[in-house]
Amino acid sequence: MTLTQLRYLVAIADSGLNITQAAERVHATQPGLSKQLKQLEDELGFQVFIRKGRSLDSIAPAGGQVIEHARRVLAETANIRSYAANERGEHSGRLLLATTHTQARYVLPPVIAAIKREFPRVNVDLLATGDSDVLGALDQADLALISTAGSEPQGGVAVPLFRWRRVLLVQGTHPLAGHKHAPSLAELARHPLISYESSTRADSSLQRVFTGAGVSPQVAMTAGDANLIKTYVRAGLGAGLLAEMAIGQREDADLCILPAPVELPECITWAIIPRGRVLRDYALALLHGLAPQLDRRDLRRVLEGKQDAHWPQPPHWLELRQPIAA
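Residues numbered from 1 in each chain as written. Predicted model: local features only at pLDDT ≥ 70, side-chain atom pairs only at ≥ 80, totals over all residues. Heavy atoms only, no water.

1. Thoughts on the overall build of the protein chain
So, step 1. What the protein chain contains, in helices and strands, is eleven helices and twelve strands.
So, step 2. Projected onto the principal axes, the alpha-carbon positions of the protein chain cover approximately 75 × 50 × 35 Å.
So, step 3. Scored against the burial criterion, the 326 residues of the protein chain give a buried share of 45%.
So, step 4. Once local pairs closer than 6 in sequence are excluded, the contacts in the protein chain between residues at least 24 apart make up 72%.
So, step 5. Of the roughly 16300 Å² of accessible surface on the protein chain, a fraction of 51% belongs to carbon and sulfur atoms.
So, step 6. In the protein chain, the 35 positive side-chain charges and the 33 negative ones have mean positions that sit 3 Å from each other. (Helix = DSSP H or I, 4+ residues; strand = E, 2+ residues; numbered from the N terminus. Buried < 20%, exposed > 50% of the residue type's maximum accessible area, 1.4 Å probe, protein only. Contact = heavy atoms within 4.5 Å. Areas by Shrake-Rupley, 256 points an atom, 1.4 Å probe, with all protein chains shown as cover. Lys, Arg positive; Asp, Glu negative; His and termini not counted. Charge placed at Lys NZ, Arg CZ, Asp CG, Glu CD.)

Dropping the structure here:
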């Protein structure tokens with residue numbers, strides 16, 4: 001049994017039992033992958049996958065247990081390699097971040113630029129997706145960045161980075177444009193609203209707040225990207241409700257910016273890191289760049305399970321904007 005065989009096994013499971021896609025994922029040939037799978041099954045004494053003709057149909061019950069153990073073995077192997085690279089002072093490799101479009105577009109660029117200056121041999125890859133899909137990508141990413149307006153996200157070690165609020169963006173001719181203050185929920189409910197995809201979920205903070213006030217928002221359109229929300233605000237489809245980080249004083253000078261209703265809760269952007277993960281030094285540097293209040297040694301000890309998590313109060317985005325943009 002080899003690590004290569006275990007890696008191929010997990011690749012097959014993660015590719016929906018498609019041998020061709022699995023081979024592409026691990027940069028192997030299809031015949032080579034099939035040969036390694038047969039050798040592994042011969043050694044185990046049973047089939048990991050149930051066949052239908054020449055295709056893989058499903059994962060056998062015993063095969064599911066083998067795949068789960070294989071994932072743990074591969075994760076610990078990666079941890080050993082990361083630990084050794086940190087000890088050698090080796091600062092090359094790949095950093096894969098799963099994140100939302102807003103974080104990728106408006107928060108991460110200056111931080112990643114700083115990481116590239118400090119660690120020029122590190123390749124940074126962004127997996128930008130919708131809010132509901134970020135944590136699902138954590139199995140292949142080093143860490144995930146996600147925002148919530150409620151409880152702490154699950155799925156790993158949650159590290160609070162910074163707080164932020166939502167704002168309203170409207171055309172100059174919109175009825176709300178003349179307001180000098182944040183509209184009430186009842187006032188906002190009288191107008192079509194454009195917001196993030198998560199806004200339509202019953203458990204979203206937007207829906208909870210409006211329901212608690214006894215009014216219903218007119219969510220006319222949703223989008224996963226803040227720039228798309230702005231595009232449709234400019235097209236006259238309604239008032240845009242989006243993260244304050246996504247507002248640019250120059251690029252959005254043609255629109256009116258208003259505070260969102262005060263009842264809408266503050267949001268926190270979190271880093272989610274798989275439990276037991278040994279992060280490379282450059283990943284810790286990125287987290288510190290996003291949240292300078294964090295101590296890198298504390299981060300490492302918490303991730304190693306040597307210390308309970310007692311994170312400092314995350315500052316507001318406006319407090320960090322100058323340091324982040326420097």
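2. Let's talk about the sheet that holds strand β4 (residues 122-129)
So, step 1. Pairing is mixed across the open sheet formed by five strands, whose spatial order is β4-β3-β5-β12-β6. In the strand order of this sheet, the two ends are held by β4 and β6 (157-164), each with one partner. Across the sheet, the mean angle from the axis of one strand to that of its neighbour is 20 degrees, orientation sign disregarded.
So, step 2. Strand direction decides the pairing type here: strand β3 (residues 93-100) and strand β5 (residues 143-148), joined by two bridges, are parallel. Considered in β5, the bridge of Leu97 is made with Leu143.
So, step 3. Across the face of the sheet, helix α9 (residues 281-290) comes into contact with β3, β4, β5, β6 and β12 (267-273) while running at roughly 35 degrees to β3. (Pairing = 2+ DSSP bridges. Axes fitted to C-alpha atoms, helices over the stretch in contact; angles between N-to-C directions.)

3. A look at the environment of Leu145
So, step 1. Residue position: Leu145 is located in strand β5.
So, step 2. Each C-alpha atom of the pair Leu145 and Ala128 lies 9.7 Å from the other, and the pair is 17 residues apart in sequence.
So, step 3. Setting aside chain neighbours within four positions, we find Leu145 in contact with Ala98, Thr99, Thr100, Leu108, Val134, Leu161, Trp270, Ala271 and Leu290.

4. Remarks on the packing of aromatic side chains
So, step 1. One pass over the full model with this rule turns up two aromatic pairs.
So, step 2. Ring geometry for Phe119 versus Tyr282: centroids 6.1 Å apart, planes at 65 degrees, classification edge-to-face. Taken together, the residues Phe119 in the loop between α5 (101-118) and β4 and Tyr282 in helix α9 connect sequence positions 163 residues apart. Here Phe119 matches Tyr282 in class, with each residue buried.
So, step 3. The residue whose ring lies beneath Arg105 is Tyr106, and the NZ or CZ to ring-centre distance is 4.5 Å. (Phe/Tyr/Trp six-rings, centres within 6.5 Å; stacked < 30°, edge-to-face > 60°. Lys NZ or Arg CZ within 6 Å of the ring centre and 35° of its normal.)

5. Comments concerning the pattern of salt bridges
So, step 1. A full pass over the atoms with the stated rule returns 17 salt bridges.
So, step 2. We note a salt bridge from Lys38 to Asp42, for which the minimum N-O separation is 3.0 Å. With Lys38 and Asp42 both in helix α3 (residues 30-44) and four residues apart, the pair spans about one turn of that helix. Across this residue pair, the class does not change: Lys38 and Asp42 are exposed.
So, step 3. Put simply, Glu68 and Arg71 hold a salt bridge, and the shortest N to O gap is 3.8 Å. Here Glu68 and its partner Arg71 are both found in helix α4 (residues 61-88), three residues apart, which amounts to about one turn of the helix.
So, step 4. For Glu68, a relative accessible area of 39% gives the class partly exposed.
So, step 5. Salt bridges sharing common partners tie together Arg105, Lys230, Arg234, Glu251, Asp252 and Asp254. (Salt bridge = Lys/Arg side-chain N within 4 Å of Asp/Glu carboxyl O.)

6. Focus: α5
One full turn of an α-helix is made of 3.6 residues, so residues set three or four places apart face in the same direction.
So, step 1. Its 18 residues place the ends of α5 25 Å apart at the C-alpha level, agreeing with the 26 Å of an ideal helix rising 1.5 Å per residue.
So, step 2. The sharpest bend along α5 comes to roughly 65 degrees, located at Leu108, with the proline Pro109 sitting one to four residues further on.
So, step 3. Listing the buried residues of α5 in full gives Thr102, Gln103, Ala104, Tyr106, Val107, Leu108, Val111, Ile112 and Ile115. (Expected span 1.5 Å × (residues − 1). Bend = angle between axes of the 7 residues up to and from the residue.)

7. Considerations on the pairing of β3
So, step 1. Along β3, six of the eight residues are buried, which leaves the element largely enclosed by surrounding structure.
So, step 2. Pairing of β3 with β4, which is carried by eight bridges, proceeds in the parallel orientation. For Leu97, the partnering residue across the bridge sits in β4 and is Leu126.

8. Brief notes about unusual backbone geometry
So, step 1. You will see that Leu17, though not glycine, has its phi angle at about 65 degrees, which is positive.
So, step 2. Counting through the fold element by element, Leu17 comes out in the loop between α1 (3-14) and α2 (19-25).
So, step 3. Of the residues examined, Leu17 reaches a relative accessible area of 15% and is grouped as buried.
So, step 4. Unusually for a residue other than glycine, His27 sits at a positive phi of about 55 degrees.

9. Description of the packing of α5 against helix α8 (residues 226-234)
So, step 1. For the pair α5 and α8, interaxial distance at closest approach is 8 Å and the crossing angle is 95 degrees. Considered as vectors, α5 and α8 are oriented roughly perpendicular to each other. Packed against α5, whose contacting residues are Thr102, Arg105 and Tyr106, the element α8 presents Ala226, Asn227 and Lys230 at the interface.
So, step 2. Looking at the contact of α5 with α8, its residues break down into two nonpolar, two polar and two charged. (Parallel < 35°, antiparallel > 145°, perpendicular 65-115°, else oblique. Nonpolar A, V, L, I, M, F, W, Y, C, P; charged D, E, K, R; others polar.)

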